[in-house]
Structures are given as C-alpha cells and as structure tokens.
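Residue strings, one per chain:
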Amino acid sequence: MTVVRAQPYLYTFDTRTTALVVIDMQRDFIEPGGFGEALGNDVSRLEAIVPAVAELLDVCRKARMMIVHTREAHRPDLSDCPPSKLGRGHAHLRIGDRGPMGRILIKGEPGHAIVSGAAPAAGELVLDKPGKGAFYATSLHSDLIAAGITHLVVAGVTTEVCVQSTLREANDRGYECLLIEEATESYFPAFKAATLDMVRAQGGIVGWTAHLADFAGALEKARETHVS
Ligand code: TIU
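Below is a summary of the structure that appears in this document. Just so you know, these numbers come straight off a predicted model, no measurement behind them.

Let us look at the overall build of the protein chain. What the protein chain contains, in helices and strands, is nine helices and ten strands. At 17 Å, the protein chain has a C-alpha radius of gyration in line with the 17 Å of a compact globule built from 228 residues. Viewed in the frame of its principal axes, the protein chain has a C-alpha envelope of about 55 × 35 × 30 Å. Scored against the burial criterion, the 228 residues of the protein chain give a buried share of 52%. Considering only contacts within the protein chain whose residues lie at least 6 apart along the sequence, 74% involve residues at least 24 apart. Surface exposure of the protein chain reaches about 10200 Å², of which carbon and sulfur atoms provide 54%.

Below, the structure written as structure tokens:
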C-alpha cells in the first residue's frame, strides 16, 4: 500500500488497483482559438499546468498504473450534442463552428487533440466524452471494473467543470478519488479553490486532495521499498 499526505487525511492506495484519469487536456481548452476562449475565458492559466500534468503522468507510468485520458468531443453531425449544450450562452463560436483549430469540440479536429506536453502514450486508454463528467455516455466505468480499479487519481481541466463532475460521478460509483492540486486548473482561481475545498470538506465528502510533490514522493518511496 502507498500512503500520501492529503486532505482531509491520509490517502491510502495500491498502484495495481488505482488509475490516473487526466481530464480534457485538449488544445480546445488550453490554446487560444478554441472552445475555452470562445466562451470568453483567458486560457493562459491552463497552459501553466501542462508541466505538472506531465510530471504526474511520468510518475504514474513509472509506477505502472493504469492511465486514462479523456477528451470532451462530439460527432461531426452533432447527434451526441444536446440542443441545450449547443445553444447555451452567447459565444461567438459555438460547438461545431469552424475556428482557428478546426471545428470546435469535434472529434478528429486539431483543437480536439490533447496538448503535446500531456500526450497519451501507447497502451493508455483515450476516451471521448460528450458530457462534462467522464462517466456519462462512455465506457469508463466498465473499463475500470474490467481492470480491477477501485481508486482514481484525477487531474486536468477545468477544475470546477469537467474535473468536478467526474469526481462526483466517480464518488457515487464507489471510487476513492484523489485530486492533485497542481495538476488541475480553472479559468477562475476562486472556482478552483472552492472546488478543492468542496471535495475534501465534511471528512472528504467527494474525496481527497494532495499536492503533486507529496503524491510523487509517496510513489518514489514505495518504489525504493519495493526495490530494496
Ligand atoms: N468551460 C469550462 O470551464 N469547461 C468545459 O467546458 N469543459 C471542461 O471542463 N473540460
């Protein structure tokens, strides 16, 4: 078992039954010209966490953990996009419109790709999801059950939208979830802070939060113990 200093208390897990889930590290949210910017957001905050996500991927790969990447995306004919999602807000570019990185949030377009700094490696699961939560209308739950996964380490963007939706969906399905603080970000600093607080409040009502250095250090220590 690996034990990490976390909030609201220690998080204990076995790397063999724990998956890293990286949410929507896509150009559409992180680079100018995509969905995030079309919604009126300053996307520069999100780009800043790419090195932290890369480090998290690295330590989890070294620990031979299962790794899942998600992408928020719709079919080219938009048949999996509810009219409510398509029409919401006053964006100058909507889902399916053509922007500087191709059609916004459409599978296979340049903006749909995961940024190169957090790119999936061979053998890692990459799931497209039409909703904010990663369990809605995807095979994620059955994929995790098939792999014997009970614990999820979660990262990605944005903290209070797709990451929090996924954490809540996972919590209701019985997963023990740990959110890595430096490897998630929001367009709104106050929303990130509030989400971290909400997750770990009330004795970990949704899950735990931990710093990347503590998580990486715990895995390193476990590796040394295993080797010696
Ligand atoms: N707008 C926003 O903050 N997020 C999303 O629309 N999707 C994700 O969080 N991935």
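If you trace the six strands from one edge of the open sheet to the other, you get E7-E4-E3-E8-E9-E10, paired in parallel fashion. The open sheet terminates on both sides in strands that have one partner only, identified here as strand E7 (125-129) and strand E10 (208-210). Neighbouring strand axes in the sheet, compared pairwise and without regard to direction, differ in orientation by 25° on average. Across five bridges, strand E3 (residues 18-23) lies against strand E4 (residues 66-72) in parallel orientation. Residue pairing for E4: valine 22 is matched across the bridge by histidine 69.

A word on helix H8 (residues 189-204). Helical geometry note: an α-helix holds 3.6 residues per turn, so side chains three or four residues apart project in the same direction. Compared with the 22 Å implied by 1.5 Å per residue over 16 residues, the 21 Å span of H8 between its first and last C-alpha is a close match. For H8, every residue scored as buried is listed here: Lys192, Thr195, Leu196, Val199 and Arg200. Looking at the buried side of H8, the elements it contacts are helix H7 (159-172), strand E9 (176-185) and E10.

Attention now goes to the site of the ligand. All residues adjacent to the ligand are Asp24, Phe29, Phe35, Leu39, Glu72, Lys132, Val157, Thr158, Val161, Cys162 and Tyr187. Measuring from a nitrogen atom of the ligand, one finds a backbone N or O atom of valine 157 at 3.2 Å. Threonine 158 places a side-chain nitrogen or oxygen 2.8 Å from an oxygen atom of the ligand. Coverage of the ligand by the protein chains reaches 93% of its 290 Å² of free accessible surface. Residue composition of the shell around the ligand, grouped by class: seven nonpolar, one polar and three charged.

Turning our eyes to something else, we now look at the packing of H7 against H8. The geometry of a pair of packed helices is captured by two quantities: the angle between their axes and the separation between those axes. Two elements in contact, H7 and H8, have axes whose closest approach is 10 Å; the angle formed by their N-to-C orientations is 15°. Between H7 and H8, the angle is such that the two are roughly parallel. Crossing of H7 over H8 shows right-handed handedness. Together, Thr159, Glu160, Gln164, Leu167 and Arg168 of H7 and Phe191, Lys192, Thr195, Met198 and Val199 of H8 make up the contact between the two elements. A breakdown of the residues in the contact of H7 with H8 according to their chemical character gives four nonpolar, three polar and three charged.

Rules behind the numbers
- Residues numbered from 1 in each chain as written.
- Predicted model: local features only at pLDDT ≥ 70, side-chain atom pairs only at ≥ 80, totals over all residues.
- Heavy atoms only, no water.
- Helix = DSSP H or I, 4+ residues; strand = E, 2+ residues; numbered from the N terminus.
- Rg over C-alpha atoms; globule rule 2.2 N^0.38 Å.
- Buried < 20%, exposed > 50% of the residue type's maximum accessible area, 1.4 Å probe, protein only.
- Contact = heavy atoms within 4.5 Å.
- Areas by Shrake-Rupley, 256 points an atom, 1.4 Å probe, with all protein chains shown as cover.
- Pairing = 2+ DSSP bridges.
- Axes fitted to C-alpha atoms, helices over the stretch in contact; angles between N-to-C directions.
- Expected span 1.5 Å × (residues − 1).
- Near = heavy atom within 4 Å.
- Polar contact = N/O pair within 3.5 Å; in protein donor to acceptor, adjacent residues only side chain to side chain.
- Nonpolar A, V, L, I, M, F, W, Y, C, P; charged D, E, K, R; others polar.
- Parallel < 35°, antiparallel > 145°, perpendicular 65-115°, else oblique.
- Left-handed = near helix turned anticlockwise from the far one by under 90°.

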